[in-house]
Amino acid sequence: MQGTPRQGLGPRLPHMGKWTLLFCGCILAAAWGQMNFTGDQVLRILAKDEKQLSFLRDLEILKPQKVDFWRGPARPSLPVDMRIPFAELDDIKGYLESHGLAYTVMIKNVQVLLDAEREAMAKARRLERSASSFSYSSYHTLEEIYSWIDNFVTEHSDIVSKIHIGNSFENRSILILKFSTGGSNRPAIWIDTGIHSREWITHATGIWTARKIVSAYGKDSILTDILNTMDIFIDLVTNPDGFAFTHSMNRLWRKNKSSRPGTSCTGVDLNRNWKSGFGGNGSNSNPCSETYHGPSPQSEPEVAAIVDFITGHGNFKALISIHSYSQMLMYPYGHSMEPVSSQKELYRLAKKAVKALYKVHGINYIFGSISNTLYVASGVTVDWAYDSGIKYAFTFELRDTGRYGFLLPATQIIPTAQETWMAIRTIMQHTLNHPY
Amino acid sequence: VDSKQGCKIDLVFSTQSYNQEEGEKHLGNCSAHVFFKNEKPRPAINITCTRSIEKKKRQEDDYLLYKQLKQLKNPLKAANIPDSHGHIDPSLRPIWDLAFLGSSYVMWEKTTPFLHYNLVRLTSVKQWKTNDTIDFDYTVLLHELPTQEIIPCRIRLVWYPGKPLKVKYQCQELQTLEESSGTVEGSAESTELSNI
């Protein structure tokens, strides 16, 4: 699969009109209902000067349905990559030639590449399935995770339930798990994983953690005490559109998949879209940037769903937002170097949690406020949580420190989840013992 | 930090074997002085390390790597190392190691006081058939922090044990709309790969 990242959309999914257009007259792809790119080509054009560049920009305006810029026209020295649907090839190539634009064919048939990748993935999954019905030491697709959620809830319906809190931009369900032993609107703990879709270790850790919670209840006195007084909520796939995209097209996609007029770049960094320090230096106003904050705070449905849920609930006492990588445990603020009023307590708690984590497999985490430990980041989840009155707001950056980064080997899933659990448990225990 | 002159950093660190299968054996200690002039990339580095691997062993390890690379199906073509699940085929491990080394030169040249990098993945590998040297064409993806951008680079790497590593590269910057490129030649010291 073309590994080169691009600013353009690749295949567009959102708008229903384009869906029907593409489906009609195409050979329907098999079971998955994915879009068909048979015969589509990706052309690379090197514009010699501004004039040639403007011909390309005209193309974008004249035939918006007919070209899909993977790398849009920017400067004469930079290549322009565009995917052309099979039906439009002659038309577009004619346009390029008549305007003296030299091009090369980068991808002769997009569908062939997609098929090859899908085959490889299916092969990998067949191997997994032969070992056990759900492997906690493998990475999974969105469908597999949603299917696991249903099974999990059924198997543990005494403690676990599933809540649909909203839909993503591409209309996928946003589901959270609720762990509760009773009561009504008990003080609650929030955990989210996968807000950045390429951080696959986080979803895997979340799933393992969900299973750990149910198996530890009644056995681990600390967890049992916690769950007898408080509820736990886990948002496993906080960014389902992005996650689906990391499986289908671009393993390194970070943002969601929202689109907006005026640009072929898609996606908002969901961890810059929260209403605390929004739009500050630690985010980017360029829609093509990986840290694009979006048009306004909570503009993204994936974020709005969480805000609405947590605000509506009104009794959350802790929030843990899980990312990778860097091996860090951090608390607010990200948008400012100023310490929060509870800084001392959060520092001590982080220190304790990191120590508990280290004891499991000897992995070193550093800790502190986001702005001091990692970098200034504006509009982040934990800043919003803290400002909304959730004092114990923490964010993790899981393994590793860069050697594999986002592509953390599956063999490290369980060790990572085991050690992270000890840190989460420490935070939850402290929350339980320090009601406010 | 005196921004008129630049940014100076003094470091002390210990080294361990890059090959994690060998365990976390402590190898040596280093102290380094890093200087960024005027916030520009490619900091000047003065480094001294104590070594706990003898020269003879290092040469042996290098020759072993050389042999492994020469024994690969030639001309080798591969893609996506590691795969999406973080897996690297053991037979392709030496390719990754070498690419990592080459990429480290590229990353050094691009690092500023505000930007640093990690190697994410080799998107494609092509080995050139030669009589003696190890000669690879790679495309890699670098993860840039704190911008979070993914930067594609093409790297041409030529190596022969005992000789300085030659790295030619060209990176494409999607956001700043700039290109970075260069040629780097390793010093004789740093080409002893077994020490990474």
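Residues numbered from 1 in each chain as written. Chains lettered and ligands numbered in written order. Predicted model: local features only at pLDDT ≥ 70, side-chain atom pairs only at ≥ 80, totals over all residues. Heavy atoms only, no water.

Q: Provide a residue-level description of the packing of helix α5 (residues 142-155) of chain A against helix α8 (residues 240-248) of chain A, including the pertinent values.
A: All names here are of chain A. At a minimum axis separation of 9 Å, α5 and α8 run at an interaxial angle of 130°. Compared by their axis directions, α5 and α8 come out oblique. Along its contact with α5, which presents Leu142, Ile145 and Tyr146, the element α8 presents Pro240, Phe243 and Ala244. In the contact of α5 with α8, the residues fall into six nonpolar, no polar and no charged. (Axes fitted to C-alpha atoms, helices over the stretch in contact; angles between N-to-C directions. Helix = DSSP H or I, 4+ residues; strand = E, 2+ residues; numbered from the N terminus. Parallel < 35°, antiparallel > 145°, perpendicular 65-115°, else oblique. Contact = heavy atoms within 4.5 Å. Nonpolar A, V, L, I, M, F, W, Y, C, P; charged D, E, K, R; others polar.)

Q: Run through the pattern of salt bridges, naming residues and quoting values.
A: Residues and elements named next belong to chain A. One pass over the full model with this rule turns up 20 salt bridges over all chains. Residue Arg172 is joined to Asp241 by a salt bridge in which the shortest nitrogen-to-oxygen separation is 2.8 Å. Taken together, the residues span a long stretch of sequence, with Arg172 in the loop between β5 (160-167) and β6 (173-179) and Asp241 in helix α8 at a distance of 69 residues. Under the relative-accessibility criterion, Arg172 is labelled partly exposed at 23%. Classification of Asp241 by relative accessible area gives buried; the value is 0%. (Salt bridge = Lys/Arg side-chain N within 4 Å of Asp/Glu carboxyl O. Buried < 20%, exposed > 50% of the residue type's maximum accessible area, 1.4 Å probe, protein only.)

Q: Go over helix α6 (residues 200-216) of chain A with me, naming the residues and quoting the values.
A: Residue and element names in this part refer to chain A. End to end, α6 covers 24 Å across 17 residues, agreeing with the expected 24 Å (1.5 Å per residue, within 8%). Summarising burial for α6: 14 of the 17 residues are buried, a large majority. Within two residues after α6, Gly218 carries a phi angle of roughly 95°, on the positive side. (Expected span 1.5 Å × (residues − 1).)

Q: Tell me what's going on with the UniProt feature "active site" (unreviewed entry) in chain A, and back it up with residues and numbers.
A: Residues and elements named next belong to chain A. Residues annotated by UniProt as "active site" (unreviewed entry) correspond here to Glu397. Note on placement: Glu397 falls in strand β12 (residues 392-398). Under the relative-accessibility criterion, Glu397 is labelled buried at 9%. Sequence-distant contacts of Glu397, defined by excluding residues within four places in its chain, comprise His323, Ser324, Tyr325, Ser326, Gln327, Met328, Met330, Tyr365 and Leu374. A polar side-chain atom of Glu397 sits 3.5 Å from the main-chain amide nitrogen of Ser324. (UniProt positions renumbered as here; feature names shortened; annotations may be inferred. Polar contact = N/O pair within 3.5 Å; in protein donor to acceptor, adjacent residues only side chain to side chain.)

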